[in-house]
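This is what each chain is made of:
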Amino acid sequence: MSVIQVQQLSKQFRTRVSSQQKTAWLTKLFRPQYRSIDAVKQVSFSVEEGEVVAFLGPNGAGKSTTIKMLTGILQPSGGSSTVLGFDPAKQRRQLAWQIGSVFGQRSQLWFHLPPADSFRLLGAIYELEPSVLARRTAELVERFALQDYFDVAVRKLSLGQRIRCEIAASLLHKPRLLFLDEPTIGLDVVARREIRSLLSELNSVEKVTVFITSHDMGDIAKVCKRAIIIHHGEVVVDESMKDLKHRALAKKYVGVRYQEPVQFSTGGLQPLKATDRSASFEIDTRQHSLPELVRRLSGLGELEDITIEDEPLENVIADIYAARSEQAARNVTAGGRAKDAAAKSAGSGKEAAGADNGRTTGSGESQAAGGLS
Amino acid sequence: MITEKKKQTTLRRNSLGSYLRFMAMAFRINVKSVLEYRVNFMLQFFGMMLNNAAFAAFWAVLIERTGGVGGYGFADIMFVWGFVSSGFGLAHIVFGNIRGLSRIAIEGGLDVYLLQPKDPWLNLLASRTIVSAWGDFVYGFIIMLLLPGIGIERWLIFLSLLVPSALLFSAIFSAAESLCFFMGNSSSISSAISEFLLTFSLYPEGVHAGWYKWILYSLIPSAYIAFVPLHVFQSLSWPLVPLLWGIAIVYILLARLLFRQGLRRYESGNRMDARI
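What counts, and where the lines are drawn
- Residues numbered from 1 in each chain as written.
- Chains lettered and ligands numbered in written order.
- Predicted model: local features only at pLDDT ≥ 70, side-chain atom pairs only at ≥ 80, totals over all residues.
- Heavy atoms only, no water.
- Buried < 20%, exposed > 50% of the residue type's maximum accessible area, 1.4 Å probe, protein only.
- Helix = DSSP H or I, 4+ residues; strand = E, 2+ residues; numbered from the N terminus.
- Pairing = 2+ DSSP bridges.
- Expected span 1.5 Å × (residues − 1).
- Axes fitted to C-alpha atoms, helices over the stretch in contact; angles between N-to-C directions.
- Contact = heavy atoms within 4.5 Å.
- Arc of directions from axis to C-beta.
- Buried area = accessible area lost by both parts, 1.4 Å probe.
- Salt bridge = Lys/Arg side-chain N within 4 Å of Asp/Glu carboxyl O.
- Polar contact = N/O pair within 3.5 Å; in protein donor to acceptor, adjacent residues only side chain to side chain.
- Nonpolar A, V, L, I, M, F, W, Y, C, P; charged D, E, K, R; others polar.
- Phe/Tyr/Trp six-rings, centres within 6.5 Å; stacked < 30°, edge-to-face > 60°.
- Lys NZ or Arg CZ within 6 Å of the ring centre and 35° of its normal.
- Parallel < 35°, antiparallel > 145°, perpendicular 65-115°, else oblique.
- Left-handed = near helix turned anticlockwise from the far one by under 90°.
- pLDDT = per-residue confidence, 0-100.

K.L.:
Give a detailed account of the pairing of strand S9 (residues 226-231) of chain A, specifying residues and quantitative values.
P.N.:
All names here are of chain A. Most of S9 is tucked away: six of the six residues are buried. Covered by surrounding structure in S9 are Arg-226, Ile-228 and Ile-230 together with Ala-227, Ile-229 and His-231, the residues of both alternating faces. Of the pairings in the sheet, the one linking strand S3 (residues 52-56) to S9 comprises four bridges and is parallel in character. Bridging across to S9, Phe-55 finds its partner in Ile-228. Sheet topology note: the S9/strand S10 (residues 234-240) ladder contains six bridges and is antiparallel. Along S10, the bridge assignment pairs Ile-229 with Val-237. Taking the residues that link successive antiparallel strands as the turn, the S9-S10 hairpin has two residues, and the phi of His-232 there is positive, at about 50°.

K.L.:
Report on helix H2 (residues 16-34) of chain B, specifying residues and quantitative values.
P.N.:
Taking 1.5 Å per residue, 19 residues should reach 27 Å; H2(B) reaches 27 Å between its end C-alpha atoms and fits that length. For H2(B), the complete set of buried residues consists of Ser18(B), Tyr19(B), Phe22(B), Met23(B), Met25(B), Ala26(B), Ile29(B), Asn30(B), Val31(B), Ser33(B) and Val34(B).

K.L.:
Which residues make up the sheet that holds S10(A), and what values go with them?
P.N.:
Residue and element names in this part refer to chain A. What the six strands build is an open sheet, ordered S5-S7-S8-S3-S9-S10; its pairing is mixed. Each edge of the open sheet is held by one strand with a lone partner, namely strand S5 (99-103) and S10. Within this sheet the neighbouring strands show an average axis-to-axis angle of 15°, counted without direction. Against the sheet, helix H2 (residues 63-70) engages S3, S5, strand S7 (177-181), strand S8 (209-213) and S9, with an angle of about 150° to S7.

K.L.:
Which residues make up helix H5 (residues 130-143) of chain A, and what values go with them?
P.N.:
Residue and element names in this part refer to chain A. In this model H5 runs 20 Å from its N-terminal to its C-terminal C-alpha over 14 residues, within 8% of the 20 Å that 1.5 Å per residue would give. Turning to H5, its buried residues are Leu-133, Arg-136, Thr-137, Leu-140 and Val-141. Down the axis of H5, the buried set is contained in an arc of 135°. They therefore lie on one face. Of the residues in H5, the exposed ones pointing more than 90 degrees away from the buried face are Arg-135 and Glu-142. Against helix H4 (115-125) and helix H6 (159-170) lie the buried residues of H5. Of the residues one or two after H5, Ala-145 is the one with positive phi, at around 50°.

K.L.:
Report on the interface of chain A and chain B, specifying residues and quantitative values.
P.N.:
Taken together, the 37 residues of chain A in the interface contact 47 residues of chain B. Across the chain A/chain B interface, buried area totals approximately 3900 Å², and carbon plus sulfur atoms make up 57% of it. When the buried surface of chain A facing chain B is broken down by residue, Arg93(A), Arg106(A) and Trp110(A) rank first, second and third, together holding 20% of it. If you look at where chain A meets chain B, you find five salt bridges. Its salt-bridge partner being Asp119(B), residue Arg93(A) comes within 3.7 Å of it at the nearest N-O pair. Across the contact surface, chain A and chain B share 12 residue pairs in polar contact (both at pLDDT 80 or more). At the level of secondary structure, the elements contributing two or more residues to the side of chain A that touches chain B comprise strand S1 (2-16), helix H3 (92-96), S5, strand S6 (106-110) and H4 of chain A. In terms of residues, the side of chain A that touches chain B owes the most to one element, H4(A), which gives seven residues. Of the residues contributing to the side of chain A that touches chain B, the split by class is 18 nonpolar, 10 polar and nine charged.

K.L.:
Report on the packing of aromatic side chains, specifying residues and quantitative values.
P.N.:
For any pair of aromatic rings, the description consists of the separation of the ring centres together with the inter-plane angle of the planes. Residues and elements named next belong to chain B. Throughout the structure, instances matching the rule amount to 31 aromatic pairs over all chains. Pairing Phe-200 with Tyr-212 gives two aromatic rings, centres 6.0 Å apart and planes at 45°, and the pair type is tilted. Separated by 12 residues along the polypeptide, Phe-200 in helix H11 (residues 187-202) and Tyr-212 in the loop between H11 and helix H12 (222-235) bring together distant segments of the chain. Judged by its relative accessible area of 25%, Tyr-212 falls in the partly exposed class. Each member of the aromatic cluster is reached from another via a ring pair, and the members are Phe-79, Phe-83, Phe-137, Phe-141, Trp-155, Phe-158 and Phe-233. The aromatic ring of Tyr-19 is capped on one face by Lys-118, whose charged end is 5.1 Å from the ring centroid. Here the guanidinium or amino end of Arg-154 rests over the ring plane of Phe-233, the centre of that ring lying 5.6 Å away.

K.L.:
Pulling in residues and values, what's your account of the packing of helix H4 (residues 74-94) of chain B against helix H8 (residues 131-146) of chain B?
P.N.:
All names here are of chain B. The geometry of H4 relative to H8 is characterised by a closest axis approach of 7 Å and an angle of 150° between their N-to-C directions. Our classification of the angle between H4 and H8 gives roughly antiparallel. Seen from above, H4 lies across H8 with left-handed handedness. Counted together, Met-78, Phe-79, Trp-81, Gly-82, Ser-85, Ser-86, Phe-88, Gly-89, Leu-90, His-92 and Ile-93 of H4 and Ala-133, Trp-134, Asp-136, Phe-137, Tyr-139, Gly-140, Phe-141, Ile-143 and Met-144 of H8 form the full contact between these two elements. Of the residues assigned to the contact of H4 with H8, the class counts are 13 nonpolar, six polar and one charged.

K.L.:
I'd like to hear about the pattern of salt bridges, residue by residue, with values.
P.N.:
This structure, assessed with the given rule, holds 25 salt bridges over all chains. Here Lys118(B) ties to Glu127(A) by a salt bridge, and the two come within 2.6 Å at their closest N and O atoms. You can see Lys118(B) sitting in the loop between helix H6 (111-114) and helix H7 (120-125) and its partner Glu127(A) sitting in the loop between H4 and H5, one on each of two chains. In this structure, Arg296(A) engages Glu292(A) in a salt bridge whose closest nitrogen and oxygen atoms are separated by 3.2 Å. In this pair, Arg296(A) and Glu292(A) both sit in helix H10 (residues 290-299), four residues apart, roughly one turn of the helix.

K.L.:
So what's going on with the confidence of the model for chain B? Residues and values would help.
P.N.:
Residue and element names in this part refer to chain B. Looking at chain B, the pLDDT average stands at 89 and 93% of residues meet or exceed 70. Mean pLDDT values for the elements of chain B range from 49 in helix H1 (residues 2-12) up to 97 in helix H13 (residues 240-263). Contacts for the low-pLDDT stretch residues 7-11, under 50 throughout, to residues beyond four places or in other chains number one contact. For this predicted complex, the interface confidence score (ipTM) comes to 0.86, while the overall pTM stands at 0.80.

Written as C-alpha cells, this is what we have:
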C-alpha cells in the first residue's frame, strides 16, 4: 500500500530581479520585476508502507521543498500529492496526527528546559492520555537510551544527544510515517552510527515508514532500501539501493605493491598513479576483466600486497549529480542559442526577454532546443 | 466508512477541552522556562514595575499642577495605566510570541508549528512568555490596591475586563505582525501600529479630538482597551462588559483570519534555530 503518492508535483518561488542600472532603485520601487524559480519540477514517485527511502540531491536540489510540500508546510504550485490518504495542502492538521518529523536544523524541544518537559507539552499537543504518555515516554527513553540526560536542559546536551531526543520526541504519538531532513547533520561518527542503528530498529520494530534526506552516504547505505535522487528540481534516479550499489560495483580500485621494482604492462590499462614498486588502477568491470588484470599484475613480479575496493557510493552519486549538471549546462547553452536565433529572426535588436533568467528559463528553453536538434 | 471514521477522529480531537489543556501545559512550560533564570526574572519583573511607577509620579505632578488632563483626574489616569498595564501584561504572558510573529515567519520558524496538529497561530503565540510582562501584569493590581474607595464590584469589573483587553492587544499586535506575509519585512509598520495602540490607550480620551478619534474605535481600538473600560469602571455599567467581550472576540477572530490568509503565502526557510 502506498503511503506517499506524488504526481507532477511542482513548486515555484517568485523572486525580485535585481538590476545594476543607475535608476534601478526607482523602477524597483514603482515597477518591481519578478522572475519565478522552479524549486521542484513535476516530480512523481510513490513510497510503500514500511519502506525506508533516501531522498537525495545536492544543496538546492529541491529536497527540503518537496518534504515541506508533503508535510503541508508549503503549498504546491502544481501537481498533487497524497500522504497516508490525506492531501497535505488541504488536510495538513489531520495528517499531522499521523506523521512525525525531524528537521535537523530546527528543534521542537525547548532550549532552556529538559527534554522531559518538551515531551509533556508534546503529549498535550498530540492529546495523549497521561497514562499513555508516561508509558510511551518510558518506552522511548529506554529505546533511545535517554536516561542519563532526560532531565538535563537541552542547551547543555551535545548535538548527538539532542538529535536522539528530537527523534524520540517525533515518535511520541506513534506516527506511521517519519520525515527526516538531514537528521545527522553535524554529528560525529559515533553519534551518526547510533542514529542509523536506531532508525533501522525503528523501521523493523515499529514498522514506521521512513523518508529521509541526507548528505551522508553512510546513512543512506546502512539504513535505506531505496533511493530517489533529485537534481535541479527533477527526479533523476529512483531505484533500489541494491541497484544503486550495483553501479558502484561496476567500478573497482586495485592497488598493488611489489617487493622489487617492476615495469608496469597491463594491456593498455593506465595506472591512476604509479611508482617503481607500486601502482593503483581504476577499472570498469564492464569493459575490462578484473581477474585478467589481477593475473597480469601477479605476473609482473613478487607481490607484497594487493587491495581491491568498490567505488564509494558517494562517488557514484556525485557522478550522477555532475552528469546532470553538465547536461543542464549544455541545455542552457543550447537554449540560449535557440533564443538568440529566434530573437534575430524576429528582427529584434533588443535582448531577448528574461535574458538574465537562471536555470528556470534555461531548462524550459532546453526542451525547445532538444526538439530542434 | 473510512471517511466517516476520519471525521469522527477529527471531531474528537482538537476539542475546546484539549486546547485548554494544551494552553495550560504551554503556560506551565513557559513559566518553568523563564524561571530557569531567576535573577533575570526578578530584575525584569521589578524593573518593569519601577518603570511604570515612574510614569505614575510624572502624572501625579502634572495633575497636581493642572487639576486634570482631558477630563481625567489622577485616579482615572491611574486606573487607565493600571488596567492597560495588566491587559498588556496578560497578553504578553499568555501569548508571548505576539510581537515576534513576523520575525519567526520571515525566518521560516513556522515550520515547527505547521508540523503539529494544533492551530499554528495559537500554538505559535502560546509558545513563549515575556518576562517583563509579569511586572506589567502585577502593576495593575498594585494600582488597584492603592486607589482609594475600590469596592468589590469595581474589582470584579477590573477582573472581568482584563481578558477582553488582553485579547484586543493580542489581536492588533498579531494583525500588525501578520502584515509581513503580504509586505515582506513589515517590522517598521508593525511596531508603529503596536506603539500607536499602546500610546493612545495610555492617554485620556479627551486629548484625542477630531476625526482620528474614530480610528481609536476601529483600526487601533484603544477605546475598547482603555476609554470604555474606564467608563464601565466609573459608572458600573455591567451591560457593557459582555459587549466588550464580544468586540474583543470579533477582533481576535479577524486577527486569526488575517494570519491564516497570510499563511498561504508562507515560504518557509532554512535558518537554524531553537525554541527558547
